[in-house]
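# Report on the structure
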Amino acid sequence: MRAVDLIAKKRDGQSLTADEIDFLVRGYISGDIADYQMSALLMAIYLRGMSSAETVALTEAMLHSGTVLDLSDLAPRRVDKHSNGGVGDKTSLVIAPVVAAAGVLVPMISGRALAHSGGTLDKLESIPGFRTDLSLQEFRRALDRVGVALIGQTVEIAPADKKIYALRDVTATVPSPPLMAASIMSKKMAEGISGLVLDVKVGSGAFLKDEEQSRALAKTMIGIARGLGKDAVALITDMNQPLGRAVGNSMELVEAFETLKGRGPDDFNQLCRELSAEMLLLGDAASTLEEGRSQYDRLIGSGAALEKMREIIESQAGDARVIDDYELLPGSPSRREVRAGSTGFVSSIDTEQIGRASMLLGAGRVRLDSAIDYGVGIAVNARIGEEVGSGSVIATIHFNESQSADEAEDLVLRAYKIESERKPPPALIKSRLT
Ligand code: URA
């Protein structure tokens, strides 16, 4: 087999066999297939799509590119959640400690920022010293000690996703349902879980803008999980406006800490509560969703979830004092207020543009080797349905370089639509698929 022939086959709209997909994934991991060839293949997949059989074959090839963990000796039920990307989506930073504080083992393999969407690993790495690159042994030890650990794909676990994910980020090949399904499920199925909660986003800030497409992706991923003997449930949730008020790595971390202290924004807290309840149900720590929601309230109210967060940070070599002193986190020296140009009600927010604005400030990558600026981001002041006066502050940009702040301001201003009629805010949770 030759990579160039298989790229041409996909480019011309034909299906690849499982053996061909395996050859391509293995070749890329070993270095026999170059970045430029994988980039071309990814673009061909993005444009041509994949059949269900190809998607399953790609997931399996990526899953078996590394070790598939068995953690059944640590706990009978091991549960994780994954979102397919959004703006201000920091739920993992709240859910992981909550669910672990309830006694369910949470082995979480997350991703970095992807295109306009933020990534859990980059947010965690805002914490001085925090290590997301634990070896397999260290991951196991952390899980045994704390009941939860959050790491990235490694050379041992899901190495194919580690390489392909970074390449997709900078080659405009993220919003592809088969590539998303294989990326998410290859790392989730490698982490030794018994159950998975999927948060599949839809709306202007999601990779998939259409609800039918999001439902199809959710069904594909549930099918893959079931095929591998795992429980799975998906919530289709709104991404027509940023989740919570903070967009940007250390700013989002602060919002997550505030939520763990019981002071989080309503929409963000509500989504964390629902996703946690689903995880507690899959983890046999609650017998109904209502019981799971009450547990969430109790674990936040008692401070147990916050204490678990402290343990996570300490166990992964981070400076846990950041929980009490946000000044220890990276910040940005300058602020700029973005003001509404007219009076009325916010009727829509092009949320992808808010994510792009944050990325332009330095919160994401434009090249494989770009460095992240953890302190920059956007505080969202006005949300859909809220009344604004001409000149009132709709967002605040936290920045380091004034040129990128100019571009970000322009994007934010154009993202907001203000109309004279009030439209109700979109429902946060659209449906639940099992
Ligand atoms: N999250 C992932 O892990 N992969 C994707 O492709 C999108 C979101």
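Before reading on, note that the structure itself is shown above.
Throughout, a residue's number is its position along its own chain's written sequence, starting from 1. In keeping with the predicted nature of the model, local features appear solely for residues at pLDDT of at least 70, side-chain atom pairs appear and are counted solely at 80 or more, and the whole-chain, interface and lining totals rest on all residues. As a rule here, side-chain values come from all non-hydrogen atoms in the structure, and water together with hydrogens is ignored.

## Considerations on the packing of helix α5 (residues 92–101) against helix α13 (residues 289–301)
Heads up, the rule is: Orientation is described by axes fitted as lines to C-alpha atoms, over the contacting stretch for helices, and by angles from 0 to 180 degrees between their N-to-C directions. For the purposes of this entry, the term helix denotes a DSSP run of H or I that reaches at least four residues, the term strand denotes a run of E that reaches at least two, and both are numbered from the N terminus. The scheme is simple: roughly parallel for angles under 35 degrees, roughly antiparallel for over 145, roughly perpendicular for 65 to 115, oblique for anything else. It only takes one pair of heavy atoms within 4.5 Å for two residues to be counted as in contact.
In the contact formed by α5 and α13, the axes pass within 10 Å of each other and the chain directions differ by 100°. By the angle class used here, α5 and α13 are roughly perpendicular. Across the interface between the two elements, V94, V98 and A101 from α5 touch Y296, L299 and I300 from α13.

## Description of the sheet that holds strand β4 (residues 195–202)
Let me state the cut-off plainly: In this analysis, strands are considered paired if DSSP registers two or more bridges between them.
With mixed pairing, the four strands of this open sheet are ordered in space as β1-β4-β5-β13. Of all strands in the sheet, those bounded by a partner on one side alone are β1 (79–83) and β13 (429–433). Recorded for the sheet is a direction-independent mean angle of 15° between the axes of neighbouring strands. Alignment of strand β5 (residues 231–238) against β13, held across four bridges, turns out to be antiparallel. Each residue of the ladder has a partner; that of A234, found in β13, is L433.

## Focus on the pairing of strand β8 (residues 344–349)
Cut-off, in case you're wondering: Each residue gets one of three labels from its accessible area relative to the maximum for its type: buried under 20%, exposed over 50%, partly exposed in between, using a 1.4 Å probe on protein chains only.
Burial analysis of β8 places five of its six residues in the buried class, the great majority of the element. Where β8 and strand β10 (residues 387–388) come together, two bridges link them in antiparallel fashion. Across the sheet, F345 pairs through a bridge with E387, a residue of β10. In terms of strand pairing, β8 meets strand β12 (residues 416–419) through four bridges, oriented antiparallel. In the strand pairing of β12, I349 is matched with Y416.

## Let's talk about the site of the ligand
Note the cut-off: For this purpose, a residue is taken to be near a molecule or strand whenever a single non-hydrogen atom of the residue falls within 4 Å of it. Side-chain atoms alone can form a polar contact between residues adjacent in sequence; in general such a contact is a pair of N or O atoms within 3.5 Å, and within protein one must be able to donate a hydrogen while the other accepts it. A 1.4 Å probe and the Shrake-Rupley method give the accessible areas. Residues count as covered only by the protein chains that appear here.
In the neighbourhood of the ligand, the contacting residues comprise H82, S83, N84, L114, Y165, R168, M180, S183, I184 and K187. Here an oxygen atom of the ligand sits 2.8 Å away from a polar atom, N or O, in the side chain of R168. Residue S183 places a side-chain N or O atom 2.7 Å away from a nitrogen atom belonging to the ligand. Considering the ligand on its own, with 240 Å² of exposed area, one finds that the protein chains cover 97% of that surface. Secondary-structure elements contributing two or more residues to the shell around the ligand are β1, α8 (159–169) and α9 (177–190). In terms of residue count, α9 provides more of the shell around the ligand than any other element does, four residues in total.

## Observations regarding the environment of D133
Looking at the element boundaries, D133 is found in the loop between α6 (120–124) and α7 (136–146). Take D133: its relative accessible area is 52%, and that puts it in the exposed class. It is 28 Å that separates the C-alpha atoms of D133 and R273, two residues lying 140 residues apart in sequence. In terms of polar contacts, D133 uses its side chain to reach the side chain of R131, at 3.0 Å.

## Focus: the packing of aromatic side chains
What counts here: Note on aromatic pairs: the rings of Phe, Tyr and Trp (six-membered ring only in Trp) are paired at centre separations within 6.5 Å, and the planes decide the class, stacked below 30 degrees, edge-to-face beyond 60, tilted for the rest. Geometrically, a lysine NZ or arginine CZ counts as sitting over a ring once it is within 6 Å of the ring centre and also within 35 degrees of the ring normal.
Per the counting criterion, the structure on display carries one aromatic pair. Aromatic side chains F257 and Y326 sit 6.2 Å apart centroid to centroid with 20° between the ring planes, which places their arrangement in the stacked category. Of this pair, F257 sits in helix α11 (residues 249–260) while Y326 sits in the loop between α14 (304–315) and β7 (334–339), placing them 69 residues apart in sequence. Accessibility expressed as a relative area gives 0% for F257, which makes it buried. What makes Y326 partly exposed here is its relative accessible area of 25%. Here K90 stacks its cationic end above the ring of F268, 4.8 Å away from the centre of that ring.

So far we have only geometry, and geometry alone does not tell us how the molecule works.
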